[in-house]
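Summary of structural features
Residue-level listing of the chains:
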Amino acid sequence: MNTSDHQPELFRRRSFPSLPGSSQGADSILKRLKRFSEKQLRLRFEATENVVRGLGMNEFSSAPESPQFHGEQMLSLDPIPLIIESEEWGYIRQGLQQRMQGFQKFFQDIYDQRKILREGFLPMHLVMDNPEFYRECVRLFSQEKSFFRWAACDLAKDHQGNWHVVRDHFSIPPMLSYALQNRRTQNQIFPELFEDRLVQSIGSFPLELLENLKALVSNPEEAQIVVLSNASTQSSEFDHSYLARKMGLPLVQPRDLAVRKAMLHYKTIHGLRPIHIALRCISSNHLDPLTFNGLDGTPGLIDCLRVGNLQVVNAPGTGIIGQRPLLKHADAIIRYYTREVPILPSLATHLCHDPDELENLLAKKEKYTFAHHLNIPLSDAKIQEALKSDSTSLVAHPRIEWQRLPVFQPETGETKALPFTLRCFASVSQNSFHLMPGGLTQVWKNDDFYNQSQFIAKDTWVIGSETRRASLSVPSTPKQARQLLGSRLAESLFWIGRYLERAEATARFLYILDEVHRDDPNRIQKSFPLWQALSLMTGHKADYLPRLYRKDHSKVFWYLTLDPKNTSSILYSIRQAKINASDLLDYIPPEAWTILNRLNQKLTDLSKEHTAESETSLFSIRKALDHVLNQTSAFNGMLFRTMTHDRGRDFLNLGTYLERSHLTLSSIFSLYSDKNVVRVDSNPEETDVENEFLALLMRGFCTLDNYRRQFQFRSLPLPVAEFLLKDKHVPVSLQFCFERLHSLFSRDHAVTLQSQTFHLIQRLDGMELADLFPIRPTPENEEPVGFLKELQEIRTKIENLSELVNDHFFVHQAETQLLFMNEESAQASDIVKES
Amino acid sequence: MKHYSIEHLTSYRYQGPVSDSFGHLRVFPRTTPFQSLISHATDIQPTTDLHQYEDYFGNQVQFFSVPNRHSTLEILAKSEVMVNTPSIPTEVLEVSIAEARQIYRSREYEHYDYLRPTQLVPVGNPFQNYIKKHLPNTATLGESLIEFNRFIHQQFEYQSGKTDVSTTAVKVARLKKGVCQDFSHFMLGVLRSAQIPARYVSGYIETAVENPASDLPDLIGSAATHAWVEVLLPGQHWWGLDPTNNLEVGDRHISMATGRDYNDVPPLRGTYRGAKLESLEVKVKVKRFGSS
């Protein structure tokens with residue numbers, strides 16, 4: 001019964017002994033590669049590296065499902081693809097379809113009746129003691145359902161031409177993004193190689209998957225779908241965010257979600273939005289702390305699933321099969337559920353936990369390769385150690401002579417033959433099976449690839465005309481997807497805006513102050529008012545910076561620029577901006593991210609180089625200021641050119657203008673309340689001379705020339721105030737900021753906020769400065785009156801505005817508005833204290 | 001047959017406002033051949049909806065959420081139950097331990113979970129000496145179990161505060177001190193190491209009998225929930241033993257949930273966001289309506 005002779009043609013095992021596609025494949029590709037000059041080749045390879053690095057895909061963990069392991073490295077892409085002819089591909093497709101059907105039924109059984117165990121076809125412990133078997137998920141779903149809607153299998157080919165399945169991924173199929181991106185990179189860098197070949201395209205696979213997900217709900221047009229990830233490593237972050245982008249879905253983390261009335265919701269700037277389907281890219285037991293007794297996840301998520309208000313794909317608990325011991329029984333499982341002989345055999349596997357079996361294995365040790373049962377790559381030494389002390393964690397596979405693929409060596413122009421595995425991705429449902437015609441080919445340094453994390457990637461070409469499928473049900477008039485901006489993303493953008501504005505303004509003021517100091521180091525009084533203004537702008541008491549300056553001028557520069565401990569230093573602001581940006585890797589263009597990341601690195605390095613000697617330290621501070629001024633402009637320019645001018649962009653601007661209005665107002669308030677700056681008691685003639693403090697202030701805001709053009713007059717208190725407060729065409733003026741804020745709020749229909757800015761604009765417009773000048777001095781210990789009082793009131797209003805923004809867009813606890821500004825600081829806690 | 005009413009009140013008081021309280025309750029008395037539920041109502045303040053489902057172990061779980069701001073949370077579970085003294089056929093208590101083991105082996109599928117180690121109840125080495133001494137192959141199953149139950153009661157000191165919900169059976173074996181939960185975990189560890197399937201039971205106990213004419217002793221169970229063990233006997237009978245009180249479980253025990261260890265059956269597992277906990281109070285009142 002097991003021999004393939006008795007099987008109908010469909011199920012007959014076949015071998016494909018020739019090197020994959022060698023007839024018209026690798027050889028001719030190699031010939032074409034050899035036509036390139038050495039220099040051309042080098043440039044192409046560099047270009048590949050740049051693409052890889054630019055995308056942030058250079059680092060990855062080879063096993064996203066096993067959080068213990070974080071092997072990270074540079075990804076390299078070999079230009080010679082793996083080529084598979086259509087006949088051989090058809091065979092693989094049949095084999096995988098059968099395999100996935102079998103395992104679909106396996107999950108349905110294991111999470112319900114467990115007949116396969118009851119009838120003794122599978123050893124109990126493989127399921128019941130499996131850490132990925134979740135009792136919490138048994139009978140969790142009311143209807144018979146597909147446990148996985150997408151899956152991946154790793155194949156390897158022995159030297160006789162037989163394909164073997166060496167690993168399954170039914171929980172979170174990893175690295176689809178790499179397969180897709182490799183094709184794009186290959187296409188960009190070596191377009192010639194594709195000439196004259198009918199290579200099937202793979203780019204539409206994410207959309208196939210999206211359609212497959214939508215089929216889960218009765219009203220697909222209205223379904224809100226998210227990709228749920230926790231981005232534990234940079235690589236899986238790349239993987240998940242790439243997938244989300246290609247499917248046009250929001251990438252969310254558990255803390256972006258909240259359960260209300262047994263319905264999962266996404267916290268967005270428009271309030272809580274219901275979620276119907278979550279594409280799960282986090283381990284099952286990190287979904288819900290209540291059900292899985294942990295601290296990670298969204299409390300109540302599993303209950304939404306249980307009452308049928310939510311679909312999670314792939315279902316929680318599908319990680320059982322990825323573990324190596326199950327591979328031993330995979331063929332029996334397929335046979336049990338499909339009543340067919342498995343077309344693609346699974347790699348032979350022996351369990352080391354059985355003492356008898358282990359003894360046999362050890363007697364013929366050279367014939368086996370040992371591997372960790374949870375797919376954690378182990379060194380030789382670790383394996384030897386485990387064989388002695390912890391053999392239950394190991395499985396053994398017979399040594400197989402695997403077929404090898406040529407890998408191009410750019411240095412010599414020759415090739416080197418290395419073993420490979422092919423990861424195939426499929427989108428599946430009860431009545432459909434779509435195998436992506438391609439995949440991720442990984443080339444390994446030797447046959448023991450179970451214990452390796454470093455590989456060279458190859459593109460995978462399936463030759464043949466494409467079978468067009470009609471299942472992509474495109475609506476006649478595609479509706480524009482509802483764009484939802486998550487509160488966390490909006491908040492991050494908002495803070496990037498604020499921090500960068502603060503950093504840039506601080507840098508500009510310090511630049512001017514340094515110049516003043518260099519001009520005349522002995523007249524330190526001259527810059528006092530400006531130091532006072534900077535104190536207020538950076539959140540200090542007015543006399544704090546002047547005192548520090550008087551004591552040690554290089555120290556104050558250090559303090560505000562590179563002091564890592566000072567939360568008002570430029571370094572701190574840039575670091576905060578960078579931290580916020582790292583939350584947004586799928587949102588802001590990689591080029592802009594690189595600028596910010598490099599700036600932060602540069603400042604951190606300069607800060608570490610700092611020496612006690614004041615001259616050297618000033619030297620590195622000047623360097624730092626230069627960098628900050630250039631790079632923040634570069635960052636903003638890059639964003640302006642490359643980032644979609646959408647809601648997200650609005651929040652960046654919101655942060656910028658709110659911070660700027662605070663800076664402008666604080667500086668004016670500070671200077672105008674200083675009687676050394678605005679001499680109220682002197683006669684009119686004397687007040688008619690150029691006010692050097694106000695001129696410096698305007699230089700600090702880069703707007704002195706604008707002032708001159710506009711007024712063609714000296715810097716005097718009244719016109720300068722007019723200019724900096726009320727001129728709606730001057731980017732640093734208060735009115736300019738208010739009008740921008742007002743239009744941003746109008747776009748979001750944020751009525752409360754809109755009315756606030758409306759009143760602020762009205763108030764400034766109605767402020768007759770001529771009536772308020774000259775300014776009356778504020779006697780000590782008394783509240784300011786007149787002009788200064790006006791300023792102070794506006795300042796309070798701006799502070800309120802910032803709280804309102806937080807409440808309206810970021811925090812969704814209407815009743816807890818000012819108490820919980822930031823939910824992240826709150827922890828989910830276990831309140832169980834029963835005895 | 002005894003008729004009980006039970007009031008189980010859990011009150012959380014926080015140092016400040018909290019929000020997003022979510023919880024899973026396992027306070028719903030079981031229905032068994034010897035225990036029937038007459039009524040049950042769970043009331044939560046602030047008021048909220050309850051969803052109910054049956055978990056893997058067959059327990060009724062109630063799920064609630066209080067998303068809005070609050071600074072206290074009160075859960076009052078009121079139940080009325082009828083309890084009978086379980087009747088165990090004497091012949092299954094008379095088999096030897098070796099025989100029993102053989103019977104278990106033939107039906108491994110049914111009770112696999114109750115033989116395996118868990119986080120709180122490891123099996124193996126630390127318990128081997130107890131097996132040799134109390135559960136030898138040739139001994140009679142029923143007698144040895146009653147004897148072992150008494151042994152725990154005599155040798156282990158009831159003392160609260162020495163252990164908590166995360167104390168493992170191995171640590172209890174070392175301390176020889178603890179509360180009902182610890183004694184039960186220890187007993188489970190030994191039984192499972194001896195390949196006798198056994199499970200953890202969470203429930204209530206009638207601690208004192210108000211009728212002064214009664215000669216029934218007061219039982220240990222404190223003012224909160226109680227825990228004991230059920231052993232699987234050949235023929236699929238679950239036999240309750242309460243090592244804390246050196247009792248066979250009779251009509252003064254009311255069971256709520258069963259599982260592999262405490263982690264499967266906490267009366268309340270919950271999360272919330274916000275201020276720290278100020279106080280937690282659990283009050284259980286078990287009242288009997290005249291005996292019959």
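Residues numbered from 1 in each chain as written. Chains lettered and ligands numbered in written order. Predicted model: local features only at pLDDT ≥ 70, side-chain atom pairs only at ≥ 80, totals over all residues.

In this section: the overall build of chain B. Across its full length, chain B holds seven helices and 14 strands. In terms of C-alpha radius of gyration, chain B reaches 20 Å, essentially the compact-globule figure of 19 Å for 292 residues. Judged by the C-alpha coordinates and their principal axes, chain B covers about 60 × 45 × 35 Å. With 292 residues in all, chain B has 45% of them scored as buried. (Helix = DSSP H or I, 4+ residues; strand = E, 2+ residues; numbered from the N terminus. Rg over C-alpha atoms; globule rule 2.2 N^0.38 Å. Buried ≥ 20, exposed ≤ 12 C-beta atoms within 10 Å, placed from the backbone.)

Once that is clear, we can look at the overall build of chain A. Along the backbone of chain A there are 29 helices and 18 strands. The 835 residues of chain A split such that 45% are buried. Counting only contacts in chain A whose residues sit at least 6 apart along the sequence, the fraction spanning at least 24 positions is 70%. (Contact = placed C-beta atoms within 7 Å.)

Once that is clear, we can look at the sheet that holds strand 5 (residues 251-252) of chain A. Residues and elements named next belong to chain A. If you walk across this open sheet you meet the four strands as 5-4-9-10, and the pairing is parallel. Bordering the open sheet on either side are strand 5 and strand 10 (311-313), each of which pairs with just one other strand. With two bridges joining them, strand 4 (residues 225-228) and strand 5 adopt parallel strand pairing. Residue pairing in the sheet places Val227 in a bridge with Leu251 of strand 5. (Pairing = 2+ DSSP bridges.)

Right, let's get into the pairing of strand 9 (residues 277-280) of chain A. All names here are of chain A. Burial along strand 9 is two-sided: the residues Ile277 and Leu279 and Ala278 and Arg280 are all buried. Bridge analysis of strand 4 against strand 9 gives four bridges, and the strand direction is parallel. Note that in strand 9 the partner of Leu228 across the bridge is Arg280. Examined bridge by bridge, strand 9 and strand 10 share three bridges and lie parallel to one another. Bridging from a neighbouring strand, Leu279 pairs with Val313 of strand 10.

It should be kept in mind that the predicted coordinates are not to be read in detail where pLDDT is low. All names here are of chain A. Per-residue confidence for chain A gives a mean pLDDT of 84; residues scoring 70 or more make up 87%. Within the model, pLDDT remains below 50 along residues 1-8, and this stretch shows seven contacts once partners closer than five positions in the same chain are excluded. With pLDDT under 50 throughout, residues 470-478 is counted as low confidence; its partners more than four residues away or in other chains account for six contacts. (pLDDT = per-residue confidence, 0-100.)

Another aspect to go through is unusual backbone geometry. With glycine set apart, most residues show a phi of negative sign, and most peptide bonds adopt trans. Following Val313 of chain A, the chain continues to Asn314 of chain A via a peptide bond in cis, the omega torsion being -10°. Of note, Asn314 of chain A is situated in the loop between strand 10 and helix 11 (324-338). Cis geometry is adopted by the peptide bond preceding Pro46 of chain B, which originates at Gln45 of chain B and carries an omega value of 0°. Relative to the helices and strands, Pro46 of chain B is located in the loop between strand 2 (35-45) and strand 3 (50-54). One non-glycine residue, Asn375 of chain A, adopts positive backbone phi at about 65°. Relative to the elements of secondary structure, Asn375 of chain A occurs in the loop between strand 12 (368-372) and helix 13 (380-389). By C-beta crowding, Asn375 of chain A is classed as partly exposed, having 19 other C-beta atoms within 10 Å. We note that Lys176 of chain B has phi near 55°; this positive angle belongs to a residue other than glycine.

This part is about the sheet that holds strand 6 (residues 257-260) of chain A. Residue and element names in this part refer to chain A. Strand order in the open sheet made by the three strands is 6-7-8, with antiparallel pairing throughout. Strand pairing shows two members of the sheet lacking a second neighbour, strand 6 and strand 8 (271-274), which therefore form its edges. The mean angle between the axes of side-by-side strands here comes to 40°, regardless of whether they run parallel or antiparallel. Bridge analysis of strand 6 against strand 7 (residues 263-268) gives four bridges, and the strand direction is antiparallel. Within strand 7, the position partnered with Ala258 by the bridge is His265. (Axes fitted to C-alpha atoms, helices over the stretch in contact; angles between N-to-C directions.)

Our next topic: the nonpolar core. One broad trend across soluble globular proteins is that nonpolar side chains are buried collectively. The biggest cluster of nonpolar side chains holds 218 residues, and the ones touching the most others in it are Val227, Cys424 and Ala426 of chain A. With 15 residues, the top contributor of residues to this core is helix 14 (residues 487-519) of chain A. Judged by nonpolar contacts, the second largest core, of 60 residues, contains Leu73, Met187, Leu247 and Tyr262 of chain B. (Core = buried A, V, L, I, M, F, W, Y, C linked by C-beta atoms within 7 Å.)

In this section: the packing of helix 16 (residues 544-551) of chain A against helix 17 (residues 553-561) of chain A. Residue and element names in this part refer to chain A. Packing of helix 16 against helix 17 brings their axes to within 5 Å, and their N-to-C directions diverge by 135°. Here helix 16 is positioned oblique relative to helix 17, judged by the angle of their axes. Residues Leu545, Leu548, Tyr549 and Lys551 of helix 16 form the contact with helix 17, whose participating residues are His553, Lys555, Val556 and Tyr559. (Parallel < 35°, antiparallel > 145°, perpendicular 65-115°, else oblique.)

Moving on, we come to helix 25 (residues 717-726) of chain A. Every buried residue of helix 25 of chain A is listed here: Pro717, Val720, Ala721, Phe723, Leu724 and Leu725 of chain A. Close packing links the buried residues of helix 25 of chain A with helix 21 (647-672), helix 23 (692-700), helix 24 (704-711), helix 26 (734-747), helix 27 (751-765) and helix 28 (769-772) of chain A.

Right, let's talk about the environment of Thr664 of chain A for a bit. Residues and elements named next belong to chain A. By the element assignment, Thr664 lies in helix 21. Residues Thr664 and Ala592, 72 residues apart in the sequence, show an inter-C-alpha distance of 27 Å. Sequence-distant contacts of Thr664, defined by excluding residues within four places in its chain, comprise Leu724, Val732, Ser733 and Leu734.

We now examine the confidence of the model for chain B. Per-residue confidence for chain B gives a mean pLDDT of 91; residues scoring 70 or more make up 94%. Across the interface, the model reports ipTM at 0.91; the global pTM reads 0.80.

Turning our attention to the packing of helix 14 of chain A against helix 21 of chain A. Residue and element names in this part refer to chain A. Running from N to C, helix 14 and helix 21 cross one another at 40°; their axes reach a closest spacing of 7 Å. Crossing of helix 14 over helix 21 shows right-handed handedness. Contact residues: Leu489, Ala490, Leu493, Phe494, Trp495, Ile496, Gly497, Arg498, Glu501, Arg502 and Ala505 in helix 14; Gly648, Phe651, Leu652, Asn653, Leu654, Gly655, Thr656, Leu658, Glu659, Arg660 and Leu663 in helix 21. Residue composition of the contact of helix 14 with helix 21, by class: twelve nonpolar, five polar and five charged. (Left-handed = near helix turned anticlockwise from the far one by under 90°. Nonpolar A, V, L, I, M, F, W, Y, C, P; charged D, E, K, R; others polar.)

For the rest of this paragraph, the subject is the environment of Gly95 of chain A. Residues and elements named next belong to chain A. Position of Gly95 relative to the elements: it lies in helix 3 (residues 86-110). A residue is classified by how many C-beta atoms lie within 10 Å of it, and Gly95, with 23 of them, is buried. Setting aside chain neighbours within four positions, we find Gly95 in contact with Ile343 and Leu344.

Take Val27 of chain B: it is sitting in the loop between strand 1 (2-25) and strand 2. In this structure the C-alpha to C-alpha distance between Val27 of chain B and Leu268 of chain B, which are 241 residues apart in sequence, comes to 8.0 Å.

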